[in-house]
Amino acid sequence: MQHGVVFIDDRDRITYCNPAAEKIRGFRLEDVHGQSILECHPAKSHSKVRHIIDDLRSGRVIGHHRMNIQMVKGRFYDNIYCAVRGPKDEYLGVVVVTQEVTERKKMEDDLKEALRQLQHANEALTRLNRTKDDFLSTVSHELKTPMISVVGYIGMILKEKAGPLTEQQRRFLDISYKNLLKLEKNINNLIDLAEFGIIKETWVFEAVDLCSVINHSCLTLEPLAREHDIRLEAHLPSEPVVISGVPDKLNQLFDNLLTNAIKYNRREGNISVDLSQTSDRAFVHISDTGIGISHQSLKEVFTRHFQEKTKPLGNMKGLGIGLSLVQEIVNLHKGEIQLQSEVGKGTTFSVMLPRGTSKTQ
């Protein structure tokens, strides 16, 4: 057998060992016969070996006793001690079975090292996550709060509440106002990305009419579409299409899809929004006649910070997180989203949202 076997009598003397034990321990039976087992162990292990044998002799340990891995000539071995008793349960000695576990020890050491590296990586990620939270807090309080005030005052000036404006003043203020709204939207997108991972369970669902939501998004984005001579049409049913949803998130969902349809469209292009329903589902199809999405990019469209390499219409820039948020919002509503696109012909986003009862998630 490959395992080493040594028998120790009731006086702790070696009385037998097989050839495998001789090879492992580096001695011959005739040279160690009658010697104490302690003489085959380094002095630092004597107390442990003596304790193991005493436990087995006294019966404090029933069955076997395992000794820690021991190294012999660069190889690692496991020693299992088991008491041998006679027909009247008298103690006759101990059998020691030695098994080489070098490969197992190496795997255990590799695993410990891998766990150590994972722990360091986890600590690094924790620090990065803390940095991200600090950044979002700064964006929320140090940037967003004063910006709301600026937006409010410019809005009042544009409404001529501070006096009449010249055409040039109105044009300059209007450009500033639109850019501030764009900045506010980007900040909200960043904050929302964090919220989906941190307080996703706090969204309150209620009955929402998709006709109203889509109509509002179309009215919001129509000036931007008009600026690029894009025709935006919504085909909505005459009766309400009610689902269980989060109103603000649904507004954001269709704002982002329509913004994307404008951003990657052509001048004098078209955007069509079609809403329909069945007994348990609502379907929205948003189609554009834009530049389309390359086949290689289709699988990456909903990943965070993805941006198509093609230059957007009017050089509109963003953070590349709009469609990532679209996917998050659809998932929040237990829906599905698919897209079809052909380069040079346009893209269609199809959203399915289940119709359900109000709830909190």
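Please refer to the structure placed before this passage.
Bear in mind that the values here come from a model prediction, so they are computed numbers and not experimental data. (Residues numbered from 1 in each chain as written. Predicted model: local features only at pLDDT ≥ 70, side-chain atom pairs only at ≥ 80, totals over all residues. Heavy atoms only, no water.)

Trainee: So, the overall build of the chain: which residues are in play, and what are the values?
Mentor: From N to C terminus, the chain includes eight helices and 12 strands. Across the 361 residues of the chain, 39% fall into the buried class. In the chain, once contacts between residues fewer than 6 apart in sequence are set aside, the share between residues at least 24 apart is 63%. (Helix = DSSP H or I, 4+ residues; strand = E, 2+ residues; numbered from the N terminus. Buried < 20%, exposed > 50% of the residue type's maximum accessible area, 1.4 Å probe, protein only. Contact = heavy atoms within 4.5 Å.)

Trainee: Hey, could you go over the pairing of strand β10 (residues 281-288) for me, with residue numbers and the actual values?
Mentor: Because side chains alternate across β10, one face comprises the buried residues Ala282, Val284, Ile286 and Asp288, and the other comprises Arg281, Phe283, His285 and Ser287, none of which is buried. Two strands pair when backbone bridges link them, and strand β9 (residues 270-277) and β10 are joined in this way by seven bridges, in the antiparallel orientation. Bridged to Ser272 within β10 is Ser287. Bridging between β10 and strand β12 (residues 346-354) involves eight bridges; their strand directions are antiparallel. Paired with His285 across the bridge in β12 is Ser350. (Pairing = 2+ DSSP bridges.)

Trainee: Tell me about the sheet that holds β9, residues and numbers included.
Mentor: Pairing within the open sheet is mixed, and its five strands lie in the order β7-β9-β10-β12-β11. With partners counted over all chains shown, the strands left at the sheet margins are β7 (231-235) and β11 (336-342), one partner each. Shown here is a sheet whose adjacent strand axes are inclined to one another by a mean of 10°, direction ignored. Contacts from helix α6 (residues 210-227) reach β7, β9, β10 and β12, with the element oriented near 175° to β9. Most of the contacts of helix α7 (residues 247-263) go to β10, to which it runs at about 25°, and overall it touches β7, β9, β10, β11 and β12. (Axes fitted to C-alpha atoms, helices over the stretch in contact; angles between N-to-C directions.)

Trainee: So what's going on with helix α3 (residues 46-58)? Which residues, and what values?
Mentor: Along an α-helix, residues three or four apart share an orientation, since each turn contains 3.6 residues. Compared with the 18 Å implied by 1.5 Å per residue over 13 residues, the 18 Å span of α3 between its first and last C-alpha is a close match. Listed in full, the buried residues belonging to α3 are Val49, Ile52, Ile53, Asp55 and Leu56. Taken around the axis of α3, the buried residues stretch over an arc of 155°, which confines them to a single face. Two residues or fewer after α3 comes Gly59, characterised by a positive phi angle close to 85°. (Expected span 1.5 Å × (residues − 1). Arc of directions from axis to C-beta.)

Trainee: So what's going on with the environment of Glu268? Which residues, and what values?
Mentor: Counting through the fold element by element, Glu268 comes out in the loop between α7 and β9. Here Glu268 falls in the exposed class, since its relative accessible area comes to 65%. A sequence separation of 40 residues divides Glu268 from His228, and the C-alpha atoms of the two residues are 7.0 Å apart. Apart from residues no more than four positions distant in its own chain, Glu268 is found in contact with His228, Asp229 and Ile230.

Trainee: Explain the nonpolar core to me, and be specific about the residues and the numbers.
Mentor: In this structure, Leu210, Phe254, Leu257 and Ile286 are the most contacted members of the largest nonpolar core, which totals 37 residues. Counting 19 residues, the second largest nonpolar core, distinct from the first, contains Val6, Cys17, Phe27 and Val32. (Core = buried A, V, L, I, M, F, W, Y, C linked by side-chain atoms within 4.5 Å.)

Everything listed here is a matter of coordinates, which is why it stays silent on function.
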